[in-house]
Amino acid sequence: MGKRVCIVGAGFSGAVIARELAERGIPSVMLEERSTVGGNCHTERCEQTGVMRHVYGPHIFHTDKEEVWQYVNRFAQMMPYVYRVKAVHADQVYSFPINLHTINQFFGKAMRPEEALDYIQSLAIKGEMEPENFEEQAHAMIGSELYEAFLEGYTRKQWGRSPAELPASILKRLPLRFTYEDNYFNHPYQAIPKEGYTALIENILDHELIQLKLNVVFDLDRGDWAHVFYTGPLDRYFNYQFGRLGYRSLEFVDEVHPGDYQGNVVINYSDQEVPYTRTLEHKHFAYWEQHEATLVTREYPKQCQDGDTPYYPIRLVSDKVLLQHYQEAAQVISDCVTFAGRLGTYRYLDMDQTIAEALKIGRNWTRD
Ligand code: UDP
């Protein structure tokens, strides 16, 4: 038998690559250092309440990519789900992401769409140049008052830095609407897998040509592989030789309550004085299930240190310089190693983008 292909990490990226290779008759060994598959999409039943828990924070599948939508539907029953969030600012509850309702609530008015648009445009602070960071982007879109109420405090907590240091692209994730539509996403397909993400990924991995090994840490010096597909942190692969890329980590604190705790799946806490960013009441995701008790998780962002799980690539200017060094190093070994996914490419990717890229990688790879 010739050398085998190794896939490091059993999140969406690794699983989809493994499956695509397997369907082309290429066997692989998948190494996952955790005891579960699913990466940071992992879901499991809470023993105390029976509720399906999004272990590493809320995950809502949304896409405008027909192929990706068809793909996930092959492996799971996807339940339609529209993600609606509320934001608490100064002890008041607001509609979110910022829409006509938020604007009217915040300014105590009853404006129609065009009136609100004119009003917000009159508040927008636009410089001569294109906005270069999160703060400038927000000022240009909505002015200072809404920015300070709903974005500034949350963003400082989430990223541990001034929004003036952060890329404008982070803000572009959020819609701004002049209607009462409060759907968090604009994509046509939005859903939650009925049995959770872990079951979905287990189904992707359920192929005779995929050999899954849990609780195994990938060791560069061990194993003689035909090729490695690596979905762990890019800087870690290179033993941090150029320095550490900045990631944000999270701490999750669980509580169990009777009944319905907050009446919604997620509530964002916009103010900096509240130490957590959001509270997640997991059972509201699974509207087709009944549970008496409820599991609530508070999310506390923190600096990512040794031993912490990296979640969000920060991508400061200094990170981008480092990233370039790592990308060059990755290019040198690209015949032997392919880097994929949020951690492997150090990008703030959503699940559907990850799947689309993994499909391409798995389909195009050939043995030399
Ligand atoms: N954000 C904010 N206030 C909120 C929600 C989001 O300022 O109430 C900003 C914050 O900087 C966050 C970014 O918008 O990191 C993207 O939000 P998203 O909900 O996409 O974050 P995720 O769910 O990926 O953590």
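Refer to the preceding data block for the structure.
Computed from a prediction, not measured in an experiment: that's the story for all the values here.

A. Region of the structure containing the overall build of the chain. Within the chain, the regular secondary structure consists of 10 helices and 17 strands. Counting only C-alpha atoms, the chain reaches 75 × 50 × 35 Å along its principal axes. Taking all 368 residues of the chain together, 54% fall into the buried category. Long-range pairs, those at least 24 residues apart, make up 72% of the contacts in the chain between residues at least 6 apart in sequence. Looking at the chain as shown, the accessible area adds up to about 17,400 Å², and 46% of this sits on carbon and sulfur atoms. Mean positive and mean negative side-chain charge positions of the chain (37 and 51 charges, respectively) differ by 3 Å.

B. Region of the structure containing the site of the ligand. In the region of the ligand, 16 residues are neighbours, and Thr-155, Arg-173, Tyr-184, Tyr-312 and Tyr-348 sit closest. A distance of 2.8 Å separates an oxygen atom of the ligand from a polar atom in the side chain of Arg-173. Here an oxygen atom of the ligand sits 2.5 Å away from a polar atom, N or O, in the side chain of Tyr-184. Surface burial for the ligand is 94%, taken as the share of its 520 Å² of free accessible area covered by protein chains. When residues in the shell around the ligand are grouped by element, the largest group, 7 residues, is from helix H5 (residues 134-159). Tallied by class, the residues present in the shell around the ligand amount to 11 nonpolar, 3 polar and 2 charged.

C. Structural detail: the side chain of Asn-264. Inspection of the secondary structure assignment puts Asn-264 in the loop between strand E12 (247-258) and strand E13 (266-269). On the basis of relative accessibility, which here comes to 16%, the residue Asn-264 falls in the buried class. A polar atom in the side chain of Asn-264 sits 2.9 Å from the backbone oxygen of Arg-84. Among the polar contacts listed, one links the side chain of Asn-264 to the backbone oxygen of Val-266, at a separation of 3.0 Å. Not counting the four nearest positions on each side in its chain, Asn-264 is found in contact with Arg-84, Val-85, Lys-86, Glu-281 and His-284.

D. Spatial organisation of the nonpolar core. Ranked by size, the top nonpolar core spans 98 residues in total, and within it Phe-12 and Tyr-83 carry the most contacts. It is H5 that provides the largest number of residues to this core, a total of 9 residues. Residues in contact with Tyr-83, not counting those within four places in the same chain, are Pro-58, Ile-60, Asp-182, Asn-183, Tyr-184, Phe-185, Gln-190, Val-265, Val-266, Arg-278 and Phe-285.

E. Structural view of the packing of helix H1 (residues 12-23) against helix H2 (residues 66-75). Where H1 meets H2, the axes come as close as 13 Å, and the angle between the chain directions of the two elements is 85°. Relative to H2, the element H1 is oriented roughly perpendicular. Residues Val-16, Arg-19, Glu-20 and Glu-23 of H1 form the contact with H2, whose participating residues are Tyr-71, Arg-74 and Phe-75. Here the residues of the contact of H1 with H2 sort into 3 nonpolar, no polar and 4 charged.

F. Structural view of the sheet that holds strand E1 (residues 4-8). Across the sheet, 5 strands lie side by side as E10-E2-E1-E11-E17; this open sheet has parallel pairing. A single partner strand is all that each edge strand has here, and the edge strands are strand E10 (210-213) and strand E17 (337-339). For this sheet, the mean inter-axis angle between neighbouring strands, taken without regard to orientation, is 20°. Across 3 bridges, the pairing between strand E11 (residues 225-230) and E17 is parallel. Looking at the pairing, Val-228 lines up with Val-337 of E17.

G. Geometry of the pairing of strand E9 (residues 189-193). Judged by how many residues are buried, E9 sits mostly within the fold: 4 of 5 residues are covered. In the sheet, strand E5 (residues 61-63) pairs with E9 via 3 bridges, with the strands oriented antiparallel. Paired with Thr-63 across the bridge in E9 is Tyr-189. Where strand E6 (residues 78-80) lies against E9, 3 bridges are found, and the strand directions are antiparallel. Paired with Met-79 across the strands is Ile-192, a residue of E9.

H. Expanded view of the pattern of salt bridges. By the definition in use, this model includes 23 salt bridges. Asp-254 is paired through a salt bridge with Arg-53; the nearest N and O atoms lie 2.9 Å apart. Here Arg-53 lies in strand E4 (residues 52-54) and Asp-254 lies in strand E12, a separation of 201 residues in the sequence. Look at Asp-254 and you get partly exposed, because its relative accessible area is 33%. The partner of Asp-350 in a salt bridge is Arg-173, and the shortest N-O contact between them spans 3.1 Å. You can see Asp-350 sitting in the loop between helix H9 (341-345) and helix H10 (351-364) and its partner Arg-173 sitting in the loop between H5 and E9, a full 177 residues away along the chain. Taking relative accessible area as the criterion, Asp-350 reaches 17% and is therefore assigned buried. The structure contains a network of salt bridges with shared partners spanning Arg-84, Lys-86, Glu-181 and Asp-182.

Cut-offs and rules
- Each chain carries its own residue numbering, running from 1 in the direction its sequence is written.
- Given that the model is predicted, a residue must reach a pLDDT of at least 70 before its local features are reported, and side-chain atom pairs must reach 80 or more before they are shown or counted; all residues, however, enter totals for whole chains, interfaces and linings.
- Side-chain metrics rest on all non-hydrogen atoms present in the structure, leaving aside hydrogens and water.
- The secondary structure listing takes helices from DSSP runs of H or I that are at least 4 residues long and strands from runs of E that are at least 2 residues long, numbered from the N terminus.
- For the exposure calls, accessible area comes from a 1.4 Å probe over protein chains only, and a residue counts as buried if that area is under 20% of its type's maximum, exposed if over 50%, partly exposed in between.
- We call two residues in contact when some of their heavy atoms are within 4.5 Å.
- Using a 1.4 Å probe, accessible areas were evaluated by the Shrake-Rupley method; residue-level cover was limited to the displayed protein chains.
- The charged-residue count follows a simple rule in which Lys and Arg add positive charge and Asp and Glu add negative charge, with His and chain termini not counted at all.
- By convention, the charge on Lys lies at NZ, on Arg at CZ, on Asp at CG and on Glu at CD.
- We call a residue near a given molecule or strand whenever any one of its heavy atoms falls within 4 Å of it.
- N or O atoms closer than or at 3.5 Å make up a polar contact, with two conditions inside protein: a donor-capable atom paired with an acceptor-capable one, and, for residues adjacent in sequence, both atoms drawn from side chains.
- Charged residues are taken to be Asp, Glu, Lys and Arg, nonpolar residues to be Ala, Val, Leu, Ile, Met, Phe, Trp, Tyr, Cys and Pro, and polar residues to be all remaining types, Gly included.
- By nonpolar core is meant a set of buried Ala, Val, Leu, Ile, Met, Phe, Trp, Tyr and Cys residues that side-chain atoms within 4.5 Å join together.
- Between N-to-C directions, angles span 0 to 180 degrees; the directions come from axes that are lines fitted to C-alpha atoms, helices contributing only their stretch in contact.
- Any angle from 65 to 115 degrees is called roughly perpendicular, while one under 35 is roughly parallel, one over 145 is roughly antiparallel, and all others are oblique.
- When DSSP finds two or more bridges between two strands, those strands count as paired.
- Salt bridge, as applied in this entry: a Lys or Arg side-chain nitrogen positioned within 4 Å of an Asp or Glu carboxyl oxygen.

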